Amino acid sequence: MVVVMKRDASKEELNRVIRYIKSYCPDSFVSVGDERIVINIIGDERKIDFDMLSGMEGVEKAIPILKPYKLASREYKQEDTVIKVGGIEIGGKEPVFIAGPCSIESEYQIMRIAEEVKEAGAHILRGGAFKPRTSPYSFCGLGMYGVELLAKAGEEFDMPVITEVMDPGDAIAISEYADILQVGARNMKNYSLLRKLAEIKKPVLLKRGEAAKIDEWLMAAEYMLLGKNGEGNEDVILCERGIRTFEDYTRNTFDIVAISVAKAESHLPVIADPSHATGKRELVYSASIAAIAAGADGLMIEVHYDPDKAYSDGAQSITPRQLKEVISKSKEIYHAVR
Ligand code: PEP
Ligand code: MN
């Protein structure tokens, strides 16, 4: 349950409500938002008298939350969360396009791709430096040097940047360079990493795990929203990137309806990744359009000027020219369906 206080509730009224709640549920906590004060009841709520609580002085309403994810749910917050990064709004009134290589390979490569994706209309530059590869013999990224190159390219072309964090121990160092931190599909259930990112006040893009149910994905988001005693990270972006099924024509099975479900169940922005969802560059265009039609707030797409020579994920990378077509059609669809 959450309790929303009236805008003009006095300090005494607030304290009385907190005292009553904490006498039964001592782990409950108060969130002071820009517009309202909310008390999140944590623990065995059955002992709390709902009618009495709803009628207490200063209480606007008490909302029972039936979902296991509270802070991520639409029950908790009805209006869409809009996350501001640089001058860009994720989850706002325009679709957002994140593009760049799977891996940062060299200064030349990331600079050239940054320039070309910017020209194609992308808003945010992506690039992996700590790569979670299936084989340890594959290219595993340039590490911190790669993160520095990404930040340099972002600065040069005036684009916020996003990169993956694999190890909680690297999170602070990476957050000094990146505008958005990415949790990869393989790490969606790395709860130590999620807890660490809850402490860092930088937006996080949380990919859905390869075999994660939608509610497990939202619970992973909850870890970051909650943090320690409710002082978590409010800026969580969900990213659908396909799941493992028996079908192996595509790299993953793009769970398009998961986008609509996540938008209905949660107030958090939802981005779709048609690159990892399909694994095939010829499917990226149609998958992008389908994702936008399903309600995605934007797309994250792997782009390379010479996809066949990419160090990783070349088969699913498109060229900057193709990106331009995807962006232009996606914008049209976005406005047509809303
Ligand atoms: C990536 O974005 O390059 C990546 C590794 O994605 P995922 O975690 O979805 O496999
Ligand atoms: Mn990739």
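Numbers given for residues are sequential positions, taken from 1 along each chain in its written order. Just so you know, chain letters begin at A and ligand numbers begin at 1, following the order they were written in. In view of the model being predicted, local features appear only for residues whose pLDDT reaches at least 70, and side-chain atom pairs are presented and counted only at 80 or more, with totals across whole chains, interfaces and linings using the full set of residues. Water and hydrogen atoms were dropped before computing side-chain values, which therefore reflect all heavy atoms in the structure.

**Quick look at the coordination of the manganese ion (ligand 2)**
To keep things clear, this is the line we draw: Distances define the donors: N, O and S atoms within 2.8 Å of the metal qualify, as do those within 3.2 Å of Na, K or Ca. Water is excluded, so some sites may look unfinished. Counting from the N terminus, the helices are DSSP H or I runs at least four residues long and the strands are E runs at least two residues long. Only protein chains enter the area calculation, which uses a 1.4 Å probe; residues under 20% of their type maximum are buried, those over 50% are exposed, and those in between are partly exposed.
The manganese ion (ligand 2) binds to the protein through Cys 102 (SG), His 276 (NE2), Glu 302 (OE) and Asp 313 (OD); the donor distances cover 2.0 to 2.4 Å. Within one chain, the residues serving as donors to the manganese ion (ligand 2) are arranged as C-x173-H-x25-E-x10-D. Taken together, the positions of Glu 302 in strand β14 (residues 298-302) and Asp 313 in the loop between β14 and α11 (320-337) put the pair 11 residues apart, joining distant regions of the chain. Just as Glu 302 is buried, Asp 313 falls in that class too.

**Comments concerning the domain arrangement of the protein**
Rules: Each domain's extent is set by a domain assignment, obtained either automatically or from a database.
Partitioning the protein into structural domains gives domain 1 (2-63) and domain 2 (83-337). Put simply, the middle of domain 1 and the middle of domain 2, counted by C-alpha atoms, are 37 Å apart.

**A word on the state of the cysteines**
For clarity, the threshold we go by: Two cysteine sulfurs form what is called a disulfide whenever their separation falls within 2.5 Å.
Taken as a whole and judged by the stated rule, the model has zero disulfides. Its sulfur unpaired, Cys 140 is 11 Å from the next cysteine sulfur, which belongs to Cys 102. The closest cysteine sulfur to the non-disulfide-bonded Cys 239 is located on Cys 102, 13 Å from its own sulfur. A relative accessible area of 0% places Cys 239 in the buried class.

**Digging into the environment of Val 261**
Here Val 261 is to be found in helix α8 (residues 256-265). In this structure, the C-alpha to C-alpha distance between Val 261 and Arg 195, residues 66 residues apart in sequence, is 25 Å.

**Structural notes on the packing of aromatic side chains**
The test is simple: Pairing of aromatic side chains requires ring centres within 6.5 Å, counting the rings of Phe and Tyr and the six-membered ring of Trp. Pairs whose planes differ by under 30 degrees are stacked, by over 60 edge-to-face, and all others tilted.
Within this structure, the stated rule accounts for four aromatic pairs. Judged by centre distance (5.6 Å) and plane angle (80 degrees), the rings of Tyr 20 and Tyr 24 are edge-to-face. A residue pair is termed a helical-turn pair when its members lie 3 or 4 positions apart in one helix, as Tyr 20 and Tyr 24 do in helix α1 (residues 11-24) at four residues. Residue Tyr 24 is classed as partly exposed on the basis of its relative accessible area, which comes to 37%. With a centroid separation of 6.1 Å and an interplanar angle of 70 degrees, the aromatic rings of Tyr 108 and Tyr 305 are classed as edge-to-face.

**Digging into the nonpolar core**
Selection rule: Residues enter a nonpolar core if they are buried and are Ala, Val, Leu, Ile, Met, Phe, Trp, Tyr or Cys, with the set joined through side-chain atoms within 4.5 Å. In what follows, residue pairs with any heavy atoms lying within 4.5 Å of each other are defined as contacts.
In this structure, Val 117, Leu 125, Leu 197, Leu 206, Leu 238 and Leu 323 are the most contacted members of the largest nonpolar core, which totals 76 residues. With seven residues, the top contributor of residues to this core is helix α7 (residues 214-226). Two domains each provide a minimum of three residues to this core, namely domain 1 (2-63) and domain 2 (83-337). Every residue in contact with Val 117, bar those within four places of it in the chain, is listed here: Ala 99, Gly 100, Ala 122, Leu 125, Met 159, Val 303 and Leu 323. Counting residues in hydrophobic clusters, the runner-up holds 16 residues, among them Met 1, Ile 18, Tyr 20 and Ile 48.

**A short note on the sheet that holds strand β1 (residues 2-5)**
For sheets, the rule is that strands pair by backbone hydrogen bonds, running either parallel or antiparallel. For the record, the criterion: For two strands to be treated as a pair, DSSP must find at least two bridges joining them. Axes here refer to lines fitted to C-alpha atoms; in helices the fit is confined to the stretch in contact. Angles between the N-to-C directions go from 0 to 180 degrees.
Taken in spatial order, the four strands line up as β2-β3-β1-β4 in an open sheet, and their pairing is antiparallel. Both outer strands of the open sheet, β2 (29-32) and β4 (59-63), are each paired with one neighbouring strand and no more. On average, each strand axis in the sheet is inclined to that of its neighbour by 20 degrees, with strand direction left out of account. The pairing of β1 with β4 spans four bridges and is antiparallel. Counted as the bridge partner of Val 3 is Ala 62 from β4.

**Overview of helix α4 (residues 144-156)**
Where we set the bar: Here, expected helix span is obtained from the residue count minus one, scaled by 1.5 Å.
The terminal C-alpha atoms of α4 lie 18 Å apart, and with 13 residues this matches the ideal 18 Å at 1.5 Å per residue to within 8%. Among the residues making up α4, those that are buried are Gly 146, Val 147, Leu 149, Leu 150, Ala 151, Ala 153 and Gly 154. Residues of α4 that are buried in the fold lie against α3 (107-120), β8 (124-126), β9 (161-164) and α5 (171-175).

**Description of the site of ligand 1**
We count it as follows: Near residues are defined by distance, with any heavy atom within 4 Å of the molecule or strand qualifying the residue. Pairs of N or O atoms within 3.5 Å make up the polar contacts considered here, provided that, within protein, one atom can donate a hydrogen while the other can accept it, and that residues adjacent in sequence are counted only when both atoms are side-chain atoms. Computed with a 1.4 Å probe, the accessible areas rest on the Shrake-Rupley method; for each residue, only the protein chains presented here act as cover.
Neighbouring ligand 1 are 13 residues; Arg 126, Lys 131, Ala 185, Lys 207 and Arg 241 lie closest to it. Within the side chain of Lys 131, one N or O atom sits 2.9 Å away from an oxygen atom of ligand 1. Contact distances for ligand 1 include 3.0 Å between an oxygen atom and a side-chain N or O atom of Gln 182. When isolated, ligand 1 has an accessible area of 300 Å², and the protein chains bury 97% of it.

**With respect to the packing of α7 against α8**
Worth spelling out the cut-off: Throughout, the term roughly parallel applies to angles under 35 degrees, roughly antiparallel to angles over 145, roughly perpendicular to angles from 65 to 115, and oblique to all others. For any helix crossing, the convention is left-handed if the near helix is rotated counterclockwise from the far helix by under a right angle, and right-handed if that rotation is clockwise.
With their axes 11 Å apart at the nearest point, α7 and α8 run at an angle of 50 degrees to one another. Classified by the angle between their axes, α7 and α8 sit oblique to one another. At the point where α7 passes α8, the crossing takes the right-handed sense. Of the residues in α8, those in contact with Ile 214, Trp 217 and Leu 218 of α7 are Ala 258, Val 261, Ala 262 and Glu 265.

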